[in-house]
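Notes for the structure review
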Amino acid sequence: MLEICFKEIKITEEHFSFIKIFLKEKCGITIDSEKLYLVESRLIPVLESENFQDFDMLIEKIKHDRHGHLHQKIIDAMTTNETSFFRDTHPFETLKNTILPHLTKTMQTHNKINMWSAACSKGQEPYSIAMLIKEHFGNLQPYQYSIYASDISNDILKSAQSGIYTKFEINRGLSETYLNKYFAPHFTENEWRISEQIKSSVTFMKINLIDDWPLLPTMDVIFLRHVLIYFEIETRRNILRKIKKILKPDGYLFLGVGETPFGIDEEFESIYIGNSICYKLKLN
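Note that the coordinates shown come from a computational prediction; the quantities given were computed from them, not determined experimentally.

**Topic: the overall build of the chain**
When helices and strands are counted, the chain shows eleven helices and ten strands. A compact globule built from 284 residues should have a C-alpha radius of gyration of about 19 Å, and the chain, at 21 Å, falls within 12% of that. Structurally, the chain occupies a C-alpha span of about 65 × 50 × 30 Å along its principal axes. Buried residues in the chain amount to 50% of all 284 residues. Within the structure as shown, the chain displays about 15100 Å² of accessible surface, and the carbon and sulfur contribution to it stands at 50%.

**Description of the pattern of salt bridges**
This model, assessed by the stated rule, comprises 13 salt bridges. Here Lys122 and Glu169 are joined by a salt bridge, their closest N and O atoms 2.5 Å apart. With Lys122 in the loop between β1 (113–117) and α6 (124–136) and Glu169 in helix α8 (residues 167–170), this residue pair connects regions lying 47 residues apart in the sequence. Just as Lys122 is buried, Glu169 falls in that class too. The closest approach of N and O atoms between Arg225 and Glu125, which form a salt bridge, is 3.0 Å. Placement of the pair is Arg225 in the loop between β7 (219–224) and α11 (233–246) and Glu125 in helix α6, with a sequence separation of 100 residues. Arg225 sits in the buried class, given a relative accessible area of 6%. The class of Glu125 is buried, set by a relative accessible area of 8%. Connected through shared salt-bridge partners, Asp88, Glu125 and Arg225 make up one network.

**Here we look at the nonpolar core**
For soluble globular proteins, nonpolar side chains are generally found buried alongside one another. One finds Leu58, Trp116, Leu209, Leu224, Ile243 and Leu253 to be the most contacted residues of the largest nonpolar core, which totals 50 residues. Every element with two or more residues in this core is listed here: α1 (13–27), α2 (36–50), α3 (55–64), α4 (69–78), β7, α11, β8 (247–255) and β10 (276–281). Those residues within four positions of Leu209 in sequence are excluded, and the remaining contacts are Trp116, Ala118, Leu224, Val227, Phe231, Ile239 and Lys242. With 42 residues, the next largest nonpolar core counts Tyr127, Phe137, Ile147 and Leu174 among its residues.

**Considering the pairing of β8**
Taken across its nine residues, β8 has seven buried, putting it largely inside the fold. Relative to β8, β7 runs parallel, the two being bridged by five bridges. What sits directly across from Leu224, in β8, is Leu255. Taking the sense of rotation as the criterion, the β-α-β connection linking β7, α11 and β8 turns out right-handed.

**Regarding unusual backbone geometry**
Although it is not a glycine, Phe86 sits at a positive phi angle of roughly 50°. Secondary-structure assignment places Phe86 in the loop between α4 and α5 (90–106). The exposure class assigned to Phe86 is buried, which follows from its relative accessible area of 13%. A positive phi angle, close to 60°, is found at Thr89, a residue other than glycine. Looking at the secondary structure, you find Thr89 in the loop between α4 and α5.

**A few points about α3**
Of all the residues in α3, the buried ones are Phe55, Leu58, Ile59 and Ile62. In a view along the axis of α3, the buried residues occupy a sector of 95°, so they form one face of it. With a side-chain oxygen lying 3.2 Å from the backbone nitrogen of Asp56, the N-terminal cap of α3 falls on Asp54.

**With respect to the side chain of His186**
As for its placement among the helices and strands, His186 is situated in strand β4 (residues 183–186). A polar contact is formed between the side chain of His186 and the side chain of Arg193, at a distance of 3.4 Å. In this structure His186 touches Ile164, Glu191, Trp192 and Arg193, once residues within four positions along its chain are discounted.

**A few points about the state of the cysteines**
Two cysteines joined by a covalent bond between their sulfur atoms form a disulfide. Here the structure, examined in full by the defined rule, presents zero disulfides. With no disulfide of its own, Cys27 lies closest to Cys120 among cysteine sulfurs, the gap being 16 Å.

**Focus on the packing of α1 against α3**
Relative to each other, α1 and α3 sit at 30°, their axes nearing to 11 Å. Taken together, α1 and α3 sit at an angle that is classed as roughly parallel. With respect to the hand of their crossing, α1 and α3 are arranged in left-handed fashion. Between α1 and α3, the contacting residues are His15, Phe18, Ile19 and Phe22 on the first element and Phe55, Asp56, Ile59, Ile62 and Lys63 on the second. Taken together, the residues of the contact of α1 with α3 break down into six nonpolar, one polar and two charged.

Conventions and cut-offs
Residues numbered from 1 in each chain as written. Predicted model: local features only at pLDDT ≥ 70, side-chain atom pairs only at ≥ 80, totals over all residues. Heavy atoms only, no water. Helix = DSSP H or I, 4+ residues; strand = E, 2+ residues; numbered from the N terminus. Rg over C-alpha atoms; globule rule 2.2 N^0.38 Å. Buried < 20%, exposed > 50% of the residue type's maximum accessible area, 1.4 Å probe, protein only. Areas by Shrake-Rupley, 256 points an atom, 1.4 Å probe, with all protein chains shown as cover. Salt bridge = Lys/Arg side-chain N within 4 Å of Asp/Glu carboxyl O. Core = buried A, V, L, I, M, F, W, Y, C linked by side-chain atoms within 4.5 Å. Contact = heavy atoms within 4.5 Å. Pairing = 2+ DSSP bridges. Right-handed = clockwise from strand over helix to strand, strands pointing away. Arc of directions from axis to C-beta. Polar contact = N/O pair within 3.5 Å; in protein donor to acceptor, adjacent residues only side chain to side chain. Disulfide = S-S within 2.5 Å. Axes fitted to C-alpha atoms, helices over the stretch in contact; angles between N-to-C directions. Parallel < 35°, antiparallel > 145°, perpendicular 65-115°, else oblique. Left-handed = near helix turned anticlockwise from the far one by under 90°. Nonpolar A, V, L, I, M, F, W, Y, C, P; charged D, E, K, R; others polar.

Here it is in structure tokens:
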């Protein structure tokens, strides 16, 4: 039986260039030239799982993999899934103290509050929103709001839908109050499962931000944080153009620290609320 020593497999500049073009075409991600080592380290496990002896075999299979199984595995491997519960804190404080009180006060009987967590990774962001609503807006009935969450990775979405987190993930941003109220141990002390009540309040879906989006309702709040930095200017412009089509005229867009629509799309204006900055569409 042939045993492959994956530690000795190296990616060449030619392989690296192919992967760079592949990722940009498939999901819009751009990779700096100095990140060759990163691509190598993340794709070697793919080689191992597919029993490829080297990167030549991987590239050749990509070219002939019409059904996209390998395409998705590479995208999953190269997608950054860094997140945590209540990440950066301030957007959630703004949601709790200003935005949701305003939306609940002004909503009509036929209205529904819609929120979208784009590129949600393992689900910590949309579940944080769901727990915040349950904790501070208990009078808001399930039929009065919807939380949508999306990601490009099948594996990550499955993980998010499971609602199961390691002790390490729980300790990142989740208070003891939320843990005790909305989680229960899952088989071992090292894993926790979020309550069905919270899990059922989030609708997960697969969305590639650079492709056509499925039909979505108009949104009151969109979290698109720590995503645009991975795209080139034109890709960011196209994503923001699609955001404008589904963001309500008085809706709120949250971007990540260091991300801004300025210089890309001038139809947005910045709004400072407490310690947060968010963006709204300019009124004509």
